[in-house]
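Descriptive structure summary
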Amino acid sequence: MATITTEPATIDRWDDVQHSFSGGGDARSCQCIWPVISNKDWNATTVEQRREMLRDEIRTGPPPGLVAYVDGSPAGWIRIGPRSEQQRILRTRAIVATTAEPLDDSSVWAVTCFVVRRDHRGLGLNAQLLRAAVDYAATSGARLIEAYPVDTSEGQHRSNDLFHGTLSTFLAQGFRQAGRLTGGRVLVRRELTS
């Protein structure tokens, strides 16, 4: 049985973050910067610029995500942090129209990205990452977590669209549906207790 652990993505784990991104999917080119910049800025950046943006974000802290390890080897990533710092959310009309929370409330955090290396898929890493992210948010002062996963029970979905996570993963971790978005996605939320 594999041993799965998670750790905050601090600068001393930079190589582990990059290793997690290198195992398939779009993470290597995205560098998990997509949630924090506008489309215009996204289109104007290179992969190397995005890598440096993430490195700077991690270096200045607090950690914008967690790294999952399988038997000590970096295997996955989750982006979690204040929703107000993830600009794409604030510019997504469907989310803005559906959320009940003020957009500038820094106590509302958001999960916007999962990455699992191809060689570690099927081990339940998304569930482990989400569980750890909930704990991380709670100990960091978050009042509530929102996310925007894909409801895979309806329609067809490309595997590269599943970086948002799946609805079933969030429901299993105590999140509740708060509204339908576009593209088969759902706004979910979980209130945290102090």
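Read on for a plain summary of the structure. Here the structure is a predicted model, which means the values were calculated and not measured.

A look at the overall build of the protein
When helices and strands are tallied, the protein shows eight helices and seven strands. Its C-alpha radius of gyration of 15 Å places the protein within 12% of the 16 Å reference for a compact globule of 194 residues. Once the C-alpha set of the protein is aligned to its principal axes, its extents read approximately 40 × 40 × 40 Å. Looking at the 194 residues of the protein, the share that counts as buried comes to 49%. A separation of at least 24 residues holds for 66% of the contacts in the protein among residues at least 6 apart in sequence. With 23 positive and 22 negative side-chain charges, the protein shows a separation of 5 Å between the mean positions of the two kinds.

Section: helix α4 (residues 47–60)
For α4, with 14 residues, the first-to-last C-alpha span of 20 Å sits near the 20 Å given by 1.5 Å per residue. By the burial criterion, the buried members of α4 are Arg50, Arg51, Leu54 and Ile58. The buried side chains of α4 occupy one side of the element, clustering within an arc of 105° when seen end-on. Check the buried side of α4 and you find it contacts α1 (14–21), α2 (27–30), α3 (39–43) and β3 (73–82). Positive phi appears at Gly61, one or two residues downstream of α4, with a value of about 65°.

Some thoughts on the environment of Ala142
Residue position: Ala142 is located in the loop between α7 (125–139) and β5 (144–147). In the structure, Ala142 is positioned 128 residues away from Trp14 in sequence and 25 Å away in space, judged by C-alpha atoms.

A short note on the nonpolar core
For soluble globular proteins, the rule of thumb is that nonpolar side chains tend to be buried together. Ranked by internal contacts, the top residues of the largest apolar core, which has 27 residues, are Ile78, Ile80, Val111, Leu130, Ile145 and Phe170. Of all the secondary structure elements, the ones that give two or more residues to this core are β2 (65–70), β3, β4 (108–116), α7, β5, α8 (167–172) and β7 (186–191). If one sorts the elements of this core by residue count, α7 sits on top with eight residues. Phe170 has contacts with Val111, Phe114, Leu130, Ala147, Pro149, His164, Gly165, Phe175 and Val188, leaving out every residue within four places of it along the chain.

Description of the side chain of Arg88
Counting through the fold element by element, Arg88 comes out in helix α5 (residues 87–90). Within the buried core, Arg88 has no salt-bridge partner, and the shortest N-O distance to an opposite charge, that of Asp41, equals 8.5 Å. Here Asn39 takes part through its side chain, which lies 2.6 Å from a polar atom of the side chain of Arg88. Not counting residues within four places of it along the chain, the set of residues in contact with Arg88 comprises Trp34, Pro35, Ile37, Ser38, Asn39 and Trp42.

What to know about the sheet that holds β4
If you walk across this open sheet you meet the seven strands as β1-β2-β3-β4-β5-β7-β6, and the pairing is mixed. What marks the edges here is a single partner per strand, and that holds for β1 (4–8) and β6 (176–180). Taken pair by pair, the neighbouring strands of this sheet meet at an average axis angle of 25°, ignoring direction. By the bridge criterion, six bridges tie β2 to β3 in an arrangement that is antiparallel. Counterpart to Val67 in the pairing with β3 is Trp77.

Examining the packing of aromatic side chains
This structure, assessed with the given rule, holds five aromatic pairs. Between Trp109 and Tyr136, the ring centres sit 5.7 Å apart and the planes meet at 70°, which makes this aromatic pair edge-to-face. You can see Trp109 sitting in strand β4 and its partner Tyr136 sitting in helix α7, a full 27 residues away along the chain. What makes Tyr136 buried here is its relative accessible area of 13%. The interplanar angle of 80° and the centroid separation of 5.9 Å between the aromatic rings of Phe114 and Phe170 together place this pair among those described as edge-to-face.

What counts, and where the lines are drawn
- Residues numbered from 1 in each chain as written.
- Predicted model: local features only at pLDDT ≥ 70, side-chain atom pairs only at ≥ 80, totals over all residues.
- Heavy atoms only, no water.
- Helix = DSSP H or I, 4+ residues; strand = E, 2+ residues; numbered from the N terminus.
- Rg over C-alpha atoms; globule rule 2.2 N^0.38 Å.
- Buried < 20%, exposed > 50% of the residue type's maximum accessible area, 1.4 Å probe, protein only.
- Contact = heavy atoms within 4.5 Å.
- Lys, Arg positive; Asp, Glu negative; His and termini not counted.
- Charge placed at Lys NZ, Arg CZ, Asp CG, Glu CD.
- Expected span 1.5 Å × (residues − 1).
- Arc of directions from axis to C-beta.
- Core = buried A, V, L, I, M, F, W, Y, C linked by side-chain atoms within 4.5 Å.
- Salt bridge = Lys/Arg side-chain N within 4 Å of Asp/Glu carboxyl O.
- Polar contact = N/O pair within 3.5 Å; in protein donor to acceptor, adjacent residues only side chain to side chain.
- Pairing = 2+ DSSP bridges.
- Axes fitted to C-alpha atoms, helices over the stretch in contact; angles between N-to-C directions.
- Phe/Tyr/Trp six-rings, centres within 6.5 Å; stacked < 30°, edge-to-face > 60°.

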